[in-house]
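# Commentary on secondary and tertiary structure
Okay, here's what each chain looks like letter by letter:
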Amino acid sequence: MELKGRTALITGSAKGLGKMTAMSLAQMGCDIVLNYKSSEQEALLLAEEITRQFGVRATAIGADVAVQGDVARLAAEAQAWSQTGSIDILINNAGPFIRERRLFADYTAEEVIGLVNGNLLGVMLLDHHMLAGMRKRQWGRIIHFGFGHAGEGRAWPHRAVYASAKTGLVSFTKTLAVEEAGNGITVHMVCPGDIRGVNKERTIAEVSGEQDDESPRGRPGSGEDVARVITFLCLPQSDYLTGNIVDVTGGFDPIKTSIKTSSN
């Protein structure tokens, strides 16, 4: 219960990696603010489960991190709900992603704006809302989500907008870490590998006996793999670590830097 008395806000936490992170932080004693965009029922049920299983407070707030007004409302409601009036741990998990592979020229302007707002600008704005409270308490943990090898800033054809937003977030992560280190606030980016489908909500034990031929580690990744790293970075004793881009990939490299072109 090393985080007892702290309050954590995890965006996009009704399901998947966000859910596993919320459960892990709750196990360490955190009160939990869940966030959802459309999965209201799942978020409400998870809040009940967290309180029942771990004995901490939990709530769920609907908001779209790609919408500036929603970000401001989410921040205000989360801080008002906290018993201290501030959020101690901010996990920026939510971010829109278009699974269909396509060239940059084939995106609409609205899609470009939505991806950048949700993966970069919304994250920066939510951080900005939370910094005053963290500075006042001289303690804070901020985690951004990236993708495997985001810190290298390589070309990623068919993912131009998403990759650009996340690699921009790499620079912001490192900069904010330096600016806020003296205020007891640490900032990191955690970069999951190719963790698919139901594995996002499975434990290490549940996937350990399975084979994944694409993974150098040999087994699939799990939600617990990511949640354990985040929880470690949020511990009071991890205050000397800041500004890191942490790949949780099992050695897998998702980035293909060339594309096949058809010959005429």
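These lines cover the structure that appears in this document, whether it is placed above or below.

Rules of the game
Residues numbered from 1 in each chain as written. Predicted model: local features only at pLDDT ≥ 70, side-chain atom pairs only at ≥ 80, totals over all residues. Heavy atoms only, no water. Core = buried A, V, L, I, M, F, W, Y, C linked by side-chain atoms within 4.5 Å. Buried < 20%, exposed > 50% of the residue type's maximum accessible area, 1.4 Å probe, protein only. Helix = DSSP H or I, 4+ residues; strand = E, 2+ residues; numbered from the N terminus. Contact = heavy atoms within 4.5 Å. Pairing = 2+ DSSP bridges. Axes fitted to C-alpha atoms, helices over the stretch in contact; angles between N-to-C directions. Salt bridge = Lys/Arg side-chain N within 4 Å of Asp/Glu carboxyl O. Parallel < 35°, antiparallel > 145°, perpendicular 65-115°, else oblique. Left-handed = near helix turned anticlockwise from the far one by under 90°. Nonpolar A, V, L, I, M, F, W, Y, C, P; charged D, E, K, R; others polar. Phe/Tyr/Trp six-rings, centres within 6.5 Å; stacked < 30°, edge-to-face > 60°. Lys NZ or Arg CZ within 6 Å of the ring centre and 35° of its normal.

Within the largest apolar cluster, 35 residues are counted, with the highest numbers of intra-cluster contacts made by Leu 3, Leu 25, Ile 32, Ile 50, Ile 89 and Ile 91. If you list the elements that add at least two residues to this core, you get β1 (7-10), α1 (16-27), β2 (31-36), α2 (40-54), β3 (58-62), β4 (89-92), β5 (140-145) and α7 (223-234). Contacts of Ile 89, omitting those with residues within four sequence positions, involve Leu 3, Thr 7, Ala 8, Leu 9, Leu 25, Cys 30, Met 134, Trp 139, Arg 141 and Cys 234. Ranked by size, the runner-up nonpolar core spans 33 residues in total, among them Ile 61, Leu 126, Met 130 and Leu 176.

Strand order in this open sheet of seven strands is β3-β2-β1-β4-β5-β6-β7, and the pairing throughout is parallel. Because the sheet does not close on itself, it has two edges, and the strands there are β3 and β7 (245-248). Between one strand axis and the next, the sheet turns through 20° on average, direction left out of account. Pairing between β2 and β3: five bridges, direction parallel. Bridging across to β3, Leu 34 finds its partner in Ala 60. This element, helix α4 (residues 109-137), spans β1, β4, β5 and β6 (185-192) of the sheet and lies at about 175° to β4.

Looking now at the pattern of salt bridges. Overall, the coordinates contain 16 salt bridges when judged by the stated rule. The salt bridge partner of Arg 137 is Asp 88, with a shortest N-O separation of 2.9 Å. You can see Arg 137 sitting in helix α4 and its partner Asp 88 sitting in the loop between α3 (68-81) and β4, a full 49 residues away along the chain. Under the relative-accessibility criterion, Asp 88 is labelled buried at 1%. Where Asp 225 meets Arg 219, a salt bridge forms, and the shortest distance between an N and an O atom there is 2.9 Å. The exposure class assigned to Asp 225 is buried, which follows from its relative accessible area of 16%. Within this structure, Arg 6, Asp 88 and Arg 137 form a network of salt bridges that share partners.

Interaxial distance between α1 and α2 falls to 10 Å at its minimum, and their mutual angle equals 25°. As the angle between them shows, α1 and α2 are arranged roughly parallel. Judged by the twist between their axes, the crossing of α1 over α2 is right-handed. Seen from α1, the contacting residues are Lys 19, Ala 22, Met 23, Ala 26 and Gln 27; seen from α2, they are Leu 46, Glu 49, Ile 50, Gln 53 and Phe 54. Per-class residue counts for the contact of α1 with α2 are six nonpolar, two polar and two charged.

Now for unusual backbone geometry. Not every positive phi belongs to a glycine, and Gln 138 is a case in point at roughly 55°. Summarising the element assignment, Gln 138 is placed in the loop between α4 and β5. For Gln 138, a relative accessible area of 41% puts it in the partly exposed group. A positive phi angle is found at His 158, which is not glycine, with a value near 75°. Position of His 158 among the secondary structure elements: in the loop between β5 and α5 (160-180).

It is worth spelling out the packing of aromatic side chains at this point. Per the counting criterion, the structure on display carries three aromatic pairs. An aromatic cluster of three or more residues is present, and its members are Phe 97, Phe 147, Trp 156 and Tyr 162. Of note, Arg 6 hangs over the ring of Trp 139, and the distance from its end group to the ring centre comes to 3.8 Å. When the ring centre of Trp 139 is taken as reference, the NZ or CZ atom of Arg 141 above it lies at 4.2 Å.

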